[in-house]
Each structure stands twice: as C-alpha cells, then as structure tokens.
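Descriptive structure summary
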Amino acid sequence: MVSEFFVVEGGNRLHGELRICGAKNAALPAIAASLLTADDCIIENVPRIEDVGIMGEVLSSLGATMEWLGEGRLRLNARSVRSFTAPSELIIKNRASFMVMGPLLTRFGEAAACPPGGDIIGQRPIDVHLVGFAALGADISRQKEKYIARADHLCGCKIFMDYPSHIGTENLMMAATLAKGTTIIKNASSEPEVVDLASMLNKMGARISGAGTNTVTIEGVEELHGTTHRIIPDRLEAGTFALAAAITDGEVTLHDVECGHLDSLIWKLSEAKVEVEAEGDRLTVRGGGKPDPVNVQALPYPGFATDLQAAFGVFLTQANGVSVIHERVYDSRLLYVTELRKMGARIEVSGQTAVIIGPAPLHGTMVRALDVRSGAALALAGLAASGTTEIADIYHLDRGYEDIEVKLQSLGAQIERVRGSVPAV
Ligand code: EPU
C-alpha cells in the first residue's frame, strides 16, 4: 500500500522560535456552532488540518458552506441547510463531527448521526450527549446505525453529566442556546475550548455563564446571529513543541501561547528540572541534561492533559530514575508504549498505569502512529533517538497537527515526509 511516512534522524537539538496555531479542539466546535444561525460566521486562526476538512465535508453534506478566505480564516454559512442527517461515512472519520447534533436539533428540531469515530484510545461513549438531549425534551430513537433526535422545541432544564465530557458539554451547550428557558449543566467540562466556544456563542447572541467552571448556565434565546471569532491558541501543539525542546536538550520560544492553559505541563516540567519561562503569550523551554523523574496523572482540565500524556511519557524515558504515569481519562491510551519499547524504552504497563525506567537510550527503528497524539510522541522519540526512525500511518498526525514536520524542521529537526510503501512494522 502506498502511503506517507516520516523519516526522522535523531540527535539534533531544537533551537529557535515558533508561532503556535489555533486550537483544533476549539475550531471544530466553532465550525459546528455556525449551524445555529442563517448568517455568516467568520472564524479566524483555524489550523489547516484534516479534521477541519472533515467538518467542512459534514457541513456541506447538510447544505451549509465552508470556504477558506485566506490564512486561517473560514467563512461558514448555514442558511440553506436541507438535511438533518450527517452521513455515517463522514461521522466515523472523527469524533468532533457528532457536534453537529446539538445545533441541528435546537435550530431545526431534528438531527441524526451514527456514533462518531475518532482515535482508538479507549471507550468513547456518547451517552451524556443523548441523555442531555433527552432531558432537554428530545425524543431519541435508533434507526440502523443512526441515532435520531427530534423535538418540536427544546426546554431548558437541569442536566447532571455522569462524566465531564468535553464535546458532550459543547454539544449540550449549543443545544441549550435556543431552548425555551434556562439550562444548567452540572459536572460540565471546564476545558479552555469549552470557554472559547461559549465566548463565540455569546457573541452570536447566546446567554451563557459559568463556562470554565463545572456548572454552566444557558438562558435560551429566540435566535442567534453571525459573528467573527478568533480561535484560542492550541495548547496541545504548544505542549508538544515544548516537550520536543526539552527532550532534545534544545531551547525553543513559542509565540501566541496561552500559558495559563499549560499550567499543569509547566509545573511538571519544572518539577523535572527543565527550565521554563512563561511571559505574556511567550513560552520558552530550555532542556539541559537528564531531567528528574516525576509522576503524572492525566485528568480532565485543569489536570494534566491526556492529550500530552504520550509525549510526556517519551520525555520521561530520558529521566534519571523511575517515573509513573497514571492515565485516568481513557482506558487504552498507553498503547503507544508497545511502539516506544521497540525503540529501547523501558516501560512496564499495568492497566492504566505505566512505570517508566529511565534513562533509556532510544534507537531508531520502524514504528506506527496509533492516533494523533501517540504519533506526535513517536516523532519526539525519533528526535531523541540515535539513528533513523520511520513512522508509519502519519495520516493520524495530519488530522490534528498543521505541518508538524515543517515546523520541526524550522527548529532544526531532521524529519522528512516520504511517500512510498509503508514499511512492514
Ligand atoms: N465519557 C463517558 N461518557 C460519555 C462521553 C465520555 O463516560 O458520554 C468518558 C469517555 O469514556 C472518556 C472520557 O469521558 O473516558 C473523556 O471523553 P470526553 O467525552 O471528555 O472526550 P471527547 O470530548 O470525545 C475531547 C477531545 C479529545 C480529548 C478529550 C479529553 C475533541 C474533538 N476531542 O474528546 O482530544 O482527549 O476531549 O480532553 O475535542 C485529541 O485532540 O487528540 C483528542 C483525542
């Protein structure tokens, strides 16, 4: 099979400056939110990644439009929506596309989609979305693979989420904007991307308060209008490059960073004795010798981000001693360890806990990206390894990172995208 893979030559220290792009996980719900109005919505600072393209295809299958106006700028319009059913072949491509359900249901009274796809990182149910839609007054049924939600009108209510699901909160928040009366979502996700979506919705005329805490209140309004909204910086891209600098003993300054969104990572890097300077929207990371071992628990925000857990695991393979990672968000997000062991990492996994014995010299070999974040983590491992690392299935990275190899190259990394037969891994 002809595909693309990365070839990484390890050993270079990363040096230089890099501008961080807009957040994938804020851009995707913002695109879905454009379905809430017939007016144009302009979204700025949108990363050029595959997942944005998939959302665009979902929107156009419904009769809405999405067009690039220039660098990072999207114009969205949902005046002529003619279908309320999202095609399964698109919905299975990522998780975020299920977020068209809330806007369609609340604006048109009907929405249908199959359970979404996305990374294989553990169980990813959508029950909190469906339970929330039902609490708002929707009738939920199942036809073949699709869930169908229908309601003449939604009514505000109190919703308790069993788990503070990130896109679950976003889907319900959007559904509640046009409901009659007030909705209170308890045990809501407080991730920064939820706050960014609430800010866009409020600019569209919604009345949302409490986003960023575990209780979000939405007073329903009659209708929403268009807006222009700038997406927040991608804390996960920033975290990935910060760790790339640390693991290569380099020095990198990242610009356009919302440093407060990275408090948990900055704390852990400092604990590991990596020099980190956060000043305004700039983050400088200076690696220097073997880091100290640290223990990390991946948790919902403001806990340590599960999306940076794999990259941090790679970093800890170089620590002077034993570190422990406990992944508490997803039940299968340590699968990357199998690939990392092929490169010489010494890691024992039991359930959702990994014990990392460092420092372990890494050596290049052939490995496979299993999902967006584990793929980026393997690229970091390749930068720290001796010799050549070949990473297959890099389409996973393209879903979530904008030109990752070009950005790494600009910092001095030797990484090339190669088209050819996938190496046998
Ligand atoms: N969960 C439930 N019930 C539900 C929904 C979720 O128990 O109905 C559980 C899941 O089983 C999982 C946990 O909640 O254990 C986290 O799932 P959540 O629903 O919060 O994740 P998500 O909203 O589907 C978003 C990001 C993920 C990120 C998580 C956690 C988007 C598009 N995706 O997913 O990002 O890991 O939140 O912050 O926003 C990535 O960018 O690589 C990525 C996977």
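Provided above is the structure to which this section pertains.
First, a word on what this report is: a plain description of the structure on this page. Computed from a predicted model, the values in this text were never measured in an experiment. (Residues numbered from 1 in each chain as written. Predicted model: local features only at pLDDT ≥ 70, side-chain atom pairs only at ≥ 80, totals over all residues. Heavy atoms only, no water.)

Looking at the nonpolar core
Filter applied, for reference: We call a set of buried Ala, Val, Leu, Ile, Met, Phe, Trp, Tyr and Cys residues a nonpolar core when their side-chain atoms join them within 4.5 Å. Residue exposure (1.4 Å probe, protein chains only): buried if accessible area is under 20% of the type maximum, exposed if over 50%, otherwise partly exposed. Secondary structure follows DSSP: runs of H or I at least 4 residues long count as helices, runs of E at least 2 residues long count as strands, and numbering of each begins at the N terminus. Two residues qualify as a contact provided that any one of their heavy atoms is within 4.5 Å of a heavy atom in the partner residue.
In terms of nonpolar packing, the biggest core is built from 74 residues, with Leu-35, Val-100, Met-173 and Leu-201 touching the most fellow members. If you tally residues by element for this core, the top one is helix 1 (residues 24–33), at 7 residues. Apart from residues lying up to four places away in sequence, Leu-35 is in contact with Leu-59, Leu-62, Ala-64, Ala-78, Val-81, Val-100, Pro-103, Leu-104, Arg-107 and Phe-108. If you look at the next biggest cluster of nonpolar residues, it comprises 69 residues, including Cys-259, Phe-315, Val-337 and Leu-411.

Quick word on the packing of helix 6 (residues 166–177) against helix 7 (residues 192–203)
In plain terms, the rule: Every axis in this analysis is a line fitted to C-alpha atoms, fitted for helices over the stretch in contact. Angles between the N-to-C directions lie between 0 and 180 degrees. Here roughly perpendicular refers to angles of 65 to 115 degrees, roughly parallel to angles under 35, roughly antiparallel to angles over 145, and oblique to all remaining angles. Handedness of a helix crossing follows the sense of rotation of the near helix relative to the far helix, less than a right angle counterclockwise being left-handed and clockwise being right-handed.
The geometry of helix 6 relative to helix 7 is characterised by a closest axis approach of 10 Å and an angle of 15 degrees between their N-to-C directions. Put simply, helix 6 runs roughly parallel to helix 7. Crossing hand, helix 6 versus helix 7: right-handed. Two secondary-structure elements touch here, helix 6 through His-166, Thr-169, Glu-170, Met-173, Met-174 and Thr-177 and helix 7 through Glu-193, Val-194, Leu-197, Ala-198 and Leu-201.

So, the pattern of salt bridges
When their charged atoms lie close together, side chains carrying opposite charge are able to pair. Quick note on the threshold: Salt bridges are defined by distance alone: a side-chain nitrogen of Lys or Arg within 4 Å of a carboxyl oxygen of Asp or Glu.
Under the definition given, this model contains 24 salt bridges. Its salt-bridge partner being Arg-75, residue Glu-67 comes within 3.0 Å of it at the nearest N-O pair. For Glu-67, a relative accessible area of 38% corresponds to the partly exposed category. Ionic pairing is found between Lys-146 and Glu-145, a salt bridge with its closest N-O pair at 3.3 Å. Lys-146 sits in the buried class, given a relative accessible area of 18%. You can call Glu-145 partly exposed: its relative accessible area is 33%. Within this structure, Glu-4, Asp-398, Glu-405 and Arg-417 form a network of salt bridges that share partners.

The analysis is restricted to geometry; functional conclusions fall outside its scope.
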